[in-house]
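# Understanding the architecture of this molecule
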Amino acid sequence: MTPRMTPQPDHGEYSYRGSGRLSGRRALITGGDSGIGRAVAIAFAREGADVAISYLPSEQEDADETAFWVRDAEQQVELLPGDLLDEHHCADLVRQTCDAFGGIDLLVLNAAHQRDRGGIEEVPTDDFDEVMRVNLYSNVFLARAAVPRMDAGSSIITTSSIQGFDPSSRLVDYAMTKAALVAFTKALAEELGPRGIRVNSVAPGPIWTPLIPSTGWPDKLPRFGQDTPLGRAGQPAELAGAYVYLASDDASFTSGAILPVTGGKPL
């Protein structure tokens, strides 16, 4: 999908400079093939982390491109295709990451699905179920599998959204899941704090990723993001630093936080 986008998203391929803040860490990123996930994978690798990438088999071309940039940073990469709708696959992702890298320190729950809804009567049950299972269920399945393998100092980062705070009626089911992720993040942070595991969330505003043209908004695309105070959509690379901060020791006293990267839109 990414090669067909105009303009091309910026994932930090030629701009992100690392400084060793994640040296020796081992990360699993869902939806790591493109968009925000690719930007995070590139940034984590350039900060010294090995990266496992979860993605749909249909997105192999995008995943291969992300893997190229991780290897370019001289870090290990593990490509893990499959469907997050499958509970057993979610558990396998954690196991395969640990088998490849010897453990897991960073879990980035980023994959999501959304579609334009003309109204509540246009929310088909099968697609509603997919949104819930990808955006919510998979996060629970993955965290459930990863937490027993995580030591103190590990970090879980969810990708929520401004939609969780300022929902659009045309994204009703997507917005529901993002609001739920905020509660999930805060509750999990409270549970895992005594074990030294931090849980936080990045809440993006309008970001130019493959999710946007695939949503079904042909009329909105030319104006996408122009309603922000900065007057434009963000690029995936502009979120990478937020994830690096939350994953690093710089955020050692930060847990249960929702970090907005919204172009000035208030949560």
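Residues numbered from 1 in each chain as written. Predicted model: local features only at pLDDT ≥ 70, side-chain atom pairs only at ≥ 80, totals over all residues. Heavy atoms only, no water.

### Some remarks on the UniProt feature "domain: Ketoreductase" (unreviewed entry) in the chain
Following the UniProt record, one finds the feature "domain: Ketoreductase" (unreviewed entry) at residues 25-211. From the first C-alpha to the last, residues 25-211 spans 28 Å; its make-up is 44% helix and 17% strand. (UniProt positions renumbered as here; feature names shortened; annotations may be inferred. Helix = DSSP H or I, 4+ residues; strand = E, 2+ residues; numbered from the N terminus.)

### A short note on the nonpolar core
I29, V40, F44, V51, V202 and Y243 are the most contacted members of the largest nonpolar core, which totals 31 residues. At the level of secondary structure, the elements contributing two or more residues to this core comprise strand 1 (26-30), helix 1 (35-46), strand 2 (50-55), helix 2 (60-72), strand 4 (106-109) and helix 6 (237-247). Every residue in contact with V51, bar those within four places of it in the chain, is listed here: A27, I29, A41, F44, A45, V70, Q76, V77, E78 and F101. In this structure, I104, A146, M150 and I156 belong to the second largest nonpolar core, which totals 29 residues. (Core = buried A, V, L, I, M, F, W, Y, C linked by side-chain atoms within 4.5 Å. Buried < 20%, exposed > 50% of the residue type's maximum accessible area, 1.4 Å probe, protein only. Contact = heavy atoms within 4.5 Å.)

### Focus: the pattern of salt bridges
All chains considered together, the criterion is met by 13 salt bridges. Between D249 and R25 there is a salt bridge, with the nearest N and O atoms lying 2.9 Å from each other. Remark: R25 occurs in the segment before strand 1 and D249 occurs in the loop between helix 6 and strand 7 (258-261); sequence separation between them is 224 residues. Residue D249 is classed as exposed on the basis of its relative accessible area of 54%. Ionic pairing is found between R232 and E238, a salt bridge with its closest N-O pair at 2.8 Å. (Salt bridge = Lys/Arg side-chain N within 4 Å of Asp/Glu carboxyl O.)

### Examining the environment of L109
Within the secondary structure, L109 is located in strand 4. The class for L109 is buried, based on a relative accessible area of 1%. Remark: the alpha-carbon pair of L109 and S54, spanning 55 residues in sequence, is separated by 9.9 Å. Excluding anything up to four places from it in sequence, L109 contacts T30, N139, L142, I156, I157, T158, T159 and F184.

### Considerations on the layout of surface pockets
There is about 1,300 Å³ of room inside the largest pocket. Taken together, 49 residues form the lining of the largest pocket, with A112, Q114, T209, L211 and I212 sitting closest to its centre. Looking at the lining of the largest pocket, the elements with two or more residues in it are helix 1, strand 2, helix 4 (125-146) and helix 5 (172-192). Of the residues assigned to the lining of the largest pocket, the class counts are 21 nonpolar, 17 polar and 11 charged. (1 Å grid on protein atoms, 1.4 Å probe; cavity = no way out; pocket = protein on both sides within 12 Å on 5 of 7 lines; lining within 4 Å. Points joined across faces, edges and corners; volume = space filled by probe spheres on them. Nonpolar A, V, L, I, M, F, W, Y, C, P; charged D, E, K, R; others polar.)

### Brief notes about the pairing of strand 3 (residues 77-81)
Sheet topology places strand 2 next to strand 3; 5 bridges connect them, and they run parallel. Across the sheet, residue I53 finds its bridge partner in strand 3, namely L79. For the handedness criterion, the β-α-β arrangement of strand 2, helix 2 and strand 3 is classed as right-handed. (Pairing = 2+ DSSP bridges. Right-handed = clockwise from strand over helix to strand, strands pointing away.)

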